[in-house]
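Breakdown of the fold
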Amino acid sequence: MPGWRHVYSGKVRDLYEPDLPALGGVHPLGDVVLVVASDRVSAYDHVLSPGIPDKGVVLTQLSLWWFEQLADIVPNHVVSTEVSAEHGDGLVPDVVAGRAMICRRLDMFPVECVARGYLTGSGLVEYRAGGEVCGVPLPDGLVDGSRLPEPIFTPATKAAVGEHDENVSFEAVAEQIGTEDATRLRDLTLAVYARAEQVARERGVILADTKLEFGVDPTTGETVLGDEVLTPDSSRFWPADQWEPGRAQPSFDKQYVRDWLTSPASGWDRASDTPPPSLPADVVARTRARYLEAYERLTGSPLG
């Protein structure tokens, strides 16, 4: 990656920092990093193969679109998506154009900020066990897919690659990062969810829940929205016209991947130490179509 040095790989994203000696000791855009979204797909804490074609472009372009919709609520980390005119000039290399963002470097908070407007997933498991989610009591009689009386903040710890995030209470977050920062993250998370839920609903899509990440700009001290935002990897989007509480909802994400992995057709035992098998072509194609449909429904435009 001319002008950039690889420093980290997550389940989906790769992180690069400027190759400062090659750039004369300073990057023209300041203290920045290059965030590249790959086509890798993960499920049940495993990175699978093959990847989903165009997935990285969808994640990046949808995040950029949402950052614009949320700009009046919270600043974001994007500095530039300009593609290099020549290799090694410190801009986005043309080989990752469309799937990469140059972003300001942040001191990230060690917490996943989750907002839920509907009950499903790990929240449903907690609710069935004790009638609450992350310490927030909920009414009796809720089922999979139920809309909550009001959105709730249900944070989680950040897990390493190959490990699972753990839901925690607001009080646990406050103890870890301080009450003032915890309150700010909760308020921003719920404000972002409220805006995004309204935007999605106007487009015939239900935003059931979403995961956000925030950091502090070490130069300005402001709290900044980072990583990806409101993508099918970080959020549950459901077709509004197919919503039916009491069952698993169809969704605009890697549902086909999860369904196949847990079906007899895959032959994979989730409880074993054996890595999952390769995804069949039809599962890859259908998953790709769902990512593209999510982008088109939300933005109103096909992926360019």
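This text goes with the structure placed above it.
What counts, and at which threshold
- Residues numbered from 1 in each chain as written.
- Predicted model: local features only at pLDDT ≥ 70, side-chain atom pairs only at ≥ 80, totals over all residues.
- Heavy atoms only, no water.
- Phe/Tyr/Trp six-rings, centres within 6.5 Å; stacked < 30°, edge-to-face > 60°.
- Helix = DSSP H or I, 4+ residues; strand = E, 2+ residues; numbered from the N terminus.
- Buried < 20%, exposed > 50% of the residue type's maximum accessible area, 1.4 Å probe, protein only.
- Axes fitted to C-alpha atoms, helices over the stretch in contact; angles between N-to-C directions.
- Parallel < 35°, antiparallel > 145°, perpendicular 65-115°, else oblique.
- Left-handed = near helix turned anticlockwise from the far one by under 90°.
- Contact = heavy atoms within 4.5 Å.

Summed over the entire model, instances satisfying the criterion amount to four aromatic pairs. An angle of 35° between the planes, with centres 6.4 Å apart, marks the rings of Tyr44 and Trp268 as tilted. You can see Tyr44 sitting in the loop between β4 (41–43) and β5 (46–48) and its partner Trp268 sitting in the loop between α5 (255–261) and α6 (281–299), a full 224 residues away along the chain. According to the relative accessible area criterion, Tyr44 is partly exposed, its value standing at 25%. Assessed through its relative accessible area of 10%, Trp268 is described here as buried. Their ring planes at 70° and their centres at 5.7 Å tell us that Tyr118 and Trp238 sit as a pair that is edge-to-face. Taken together, the positions of Tyr118 in strand β9 (residues 111–118) and Trp238 in strand β16 (residues 235–239) put the pair 120 residues apart, joining distant regions of the chain. Each member of the pair, Tyr118 together with Trp238, is buried. Chaining the aromatic ring pairs together yields one cluster made of Tyr118, Trp238 and Trp243.

Looking along the chain, the bond that leaves Ser49 and enters Pro50 is cis, with omega of -5°. Looking at where Pro50 falls in the secondary structure, it is placed in the loop between β5 and α1 (55–69). Residue Tyr44 is not a glycine yet carries a positive backbone phi of 50°. Backbone geometry places Asp227, a non-glycine residue, at a positive phi of 60°. Here Asp227 shows up in the loop between β15 (223–226) and β16. Taking the relative accessible area as the measure of exposure, Asp227 reaches 25% and is therefore partly exposed.

This part covers the packing of α1 against α6. In contact at an axis separation of 10 Å, α1 and α6 are set at 20° when each is read in the N-to-C sense. Here α6 runs roughly parallel to α1, going by the angle between their axes. Considering the relative orientation of α1 and α6, their crossing is left-handed. Residues Lys55, Val58, Leu59, Gln61, Leu62, Trp65 and Trp66 of α1 form the contact with α6, whose own contacting residues are Tyr291, Leu292, Tyr295, Leu298 and Thr299.

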